[in-house]
Structure formats: C-alpha cells, structure tokens
Amino acid sequence: MATVLFLLLGGSVLLFGCATLLHLLYLRHHRNDTGFWASLFALLGWAALTLGGIVRGALSGQIPLGSFSDGLLFLLWLLASGYFILEHRYQLRAAGAFLLPVITVGVAYASLRPVPARALVPILQSPWVIWHVGLVFFAYCAFALAGLTGLLYLLQEKELKSKRLTFMHFRLPALATLERLSSLLIGWGYPALTLGILFGAHWSRTVWGAYVLPDPKMIWAVLTWVFYTGFLVGRWVWGWRGRRNALLTIVGFGAIILNYLGISFLWQGIHRF
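Heads up: these notes are all about the structure in this document. (Residues numbered from 1 in each chain as written. Predicted model: local features only at pLDDT ≥ 70, side-chain atom pairs only at ≥ 80, totals over all residues. Heavy atoms only, no water.)

For the rest of this paragraph, the subject is the overall build of the chain. When helices and strands are counted, the chain shows 9 helices and 0 strands. Taken from the N to the C terminus, the helices and strands of the chain come in the order α-α-α-α-α-α-α-α-α. The 273 residues of the chain split such that 47% are buried. Counting only contacts in the chain whose residues sit at least 6 apart along the sequence, the fraction spanning at least 24 positions is 79%. Carbon and sulfur atoms make up 73% of the accessible area of the chain, which amounts to about 14,000 Å² in all. (Helix = DSSP H or I, 4+ residues; strand = E, 2+ residues; numbered from the N terminus. Buried < 20%, exposed > 50% of the residue type's maximum accessible area, 1.4 Å probe, protein only. Contact = heavy atoms within 4.5 Å. Areas by Shrake-Rupley, 256 points an atom, 1.4 Å probe, with all protein chains shown as cover.)

Below is the structure:
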C-alpha cells in the first residue's frame, strides 16, 4: 500500500501542476475549453489527493494526523476543497492561477518527506484533539481563501485605477463580489477558530491541568483570534470596507502562515510531538 500511496501523491502533484499551467493559460487567454481542462485536471488532482489520504489513513488505522506531513496534506486537501466550492459558486476560476501553485508545491513537499504511517501518540488519542485540529484547520483554510480574495481585490482595484485595463481585469470578479466573499469566509473561519481554541483549551486542561500554557503556537493562535476579532468589530461597528479590508485579510493570512510554518520549526512547544 505504500507504493500505492506514493503513486497517488505523485499523481496528485503532476495533476495539480498541469492544472496550474492550464489556469495560467486560462487567465491570459480566457478560452472556455482551456478553463474546462484546467478545472478537470485540478479536480483529478484533488481526487488523487483524497485517495492518498484514505490510503494513508488505512496504513495508520485512523485519521492521518500523526506527523507534520500528514497534517499538511490534510490542510491542503481542505484548501483545495474550499477552492472548488468557490470556483463553482462564484465563478472564481482565475483564483486557481494563484492558489494551485501553492497546493502543488505543498503536496510535493509533503510527499518528499516520507514518514512511516503510525498511530497517534497516546496523548493525542482524544476526540477533543480531532475536533481541535479539524476546526483550526478549517479556520486556516477560510482565512487563506479570504487572503486570496483580498489579493484579487487589490489587483482588480489597481486595474481600475490605472485606467488601462488588461486581461486581468476581465478575469476577476467585481470588487463588491470579492469584498463580500472575503467577509463571508472570515465569518465562517472566525467561529471555527474560536471553537477550535476552546476545544484545545479543554483538552489542555484535561491533560496538563491548565487551560492556557506558555506554548508559542497556542499564544500565537490566541493573538490571531484577537486580530480577527478586531477585524470583525472594525467592519461591523466602524464600517471598514474596501482596500483596508483587503490588506487586513492578507496580513491575517500572513499571521496564519507564521504560526503554522514559522513557529512550528523555530520554537519547541507542546504542539511538537
């Protein structure tokens, strides 16, 4: 089964890579047949990644979250799934040219770091941990997609202000659509992050006897929650809109990247088992 897993993940990388090239061609030329094949290759890459996750779970006997590579693949799977929903619902195919390269590189990186499938260490074998990880990862994906829509907003705004419209302008949704979508994604991600932190705190209290520990990732997660709380307050109370919102969604996504990648490797804590 290890060979099957390798072939599935390798196939996923190739399919996502082809989908990236096709999305770039679609972004430049806007041909419907190119867009169709771009979406099809991306969907096949997602299917291969899904089957790879199932095989990985079968090898470990549970949800594959026993290593950084497993967690990264799960996060990328969620991100790809969210993208397909947005592409179908909001005709956001142009976003694939920006997102799919990240997914391709991420799957390739996780695939090239072979870690034997193993069960979770005993301290992680708790339903609270599964809910904690699932909700936090869901929030991360929502915030990542919000950051992407913020980037697209800035690109579209630049096109309009330049008064020299290029192919990019005609491939991107209207500013109002991008802003509404960004707010919707943060509206989904914020309660998920809140519940994820609460479930993690409950698990921490059960295992270590304290709801909050001096753990870098835990502290940064709380700071991220405070940041998005301020974002929502600013939007609902003070009426923040437009360019400011787009910039804040990108800053928030940067904080997520720093927490998931930077802190994971730079500082030791209870989140490294």
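The next point concerns the side chain of glutamate 179. You can see glutamate 179 is positioned in helix H7 (residues 175-208). Note on glutamate 179: relative accessible area 15%, which makes it buried. Setting aside anything within four residues of it in sequence, one finds glutamate 179 in contact with Tyr153, Arg235, Arg241, Gly242 and Asn245.

Right, let's get into the layout of surface pockets. Its volume calculated, the second largest pocket comes out at about 550 Å³. Lining the second largest pocket we find 23 residues, and of these Leu79, Val102, Ala144, Phe253 and Ile257 sit closest to its centre. Of all elements in the fold, only helix H3 (68-90), helix H4 (96-111), helix H5 (127-162) and helix H9 (242-266) reach the threshold of two or more residues within the lining of the second largest pocket. Looking at the lining of the second largest pocket, the element that brings in the most residues is H9, giving 7 residues. (1 Å grid on protein atoms, 1.4 Å probe; cavity = no way out; pocket = protein on both sides within 12 Å on 5 of 7 lines; lining within 4 Å. Points joined across faces, edges and corners; volume = space filled by probe spheres on them.)

Relative to the elements of secondary structure, arginine 243 occurs in helix H9. Non-local contacts of arginine 243, meaning those with residues more than four positions away in its chain, are made with Tyr153, Leu154 and Glu157.

Looking at the element boundaries, valine 133 is found in helix H5. A relative accessible area of 18% means that valine 133 is categorised as buried. Residues valine 133 and phenylalanine 199, spaced 66 residues apart in sequence, show a C-alpha to C-alpha distance of 9.1 Å.

Moving on, we get to the pattern of salt bridges. All told, the structure shown has 3 salt bridges when counted by the stated rule. Arginine 93 is paired through a salt bridge with glutamate 87; the nearest N and O atoms lie 3.9 Å apart. With relative accessibility at 10%, the residue glutamate 87 sits in the buried group. A salt bridge links glutamate 157 to arginine 243, with the shortest nitrogen-to-oxygen separation between them at 2.8 Å. Remark: arginine 243 occurs in helix H9 and glutamate 157 occurs in helix H5; sequence separation between them is 86 residues. (Salt bridge = Lys/Arg side-chain N within 4 Å of Asp/Glu carboxyl O.)

Attention shifts here to the packing of H3 against H4. At a minimum axis separation of 9 Å, H3 and H4 run at an interaxial angle of 160°. Here H3 lies roughly antiparallel to H4, going by the angle between them. The interaxial crossing formed by H3 with H4 has left-handed handedness. Across the interface between the two elements, Phe68, Ser69, Leu72, Leu73, Leu76, Leu79, Ala80 and Tyr83 from H3 touch Gly96, Leu99, Ile103, Gly106, Val107, Tyr109 and Ala110 from H4. (Axes fitted to C-alpha atoms, helices over the stretch in contact; angles between N-to-C directions. Parallel < 35°, antiparallel > 145°, perpendicular 65-115°, else oblique. Left-handed = near helix turned anticlockwise from the far one by under 90°.)

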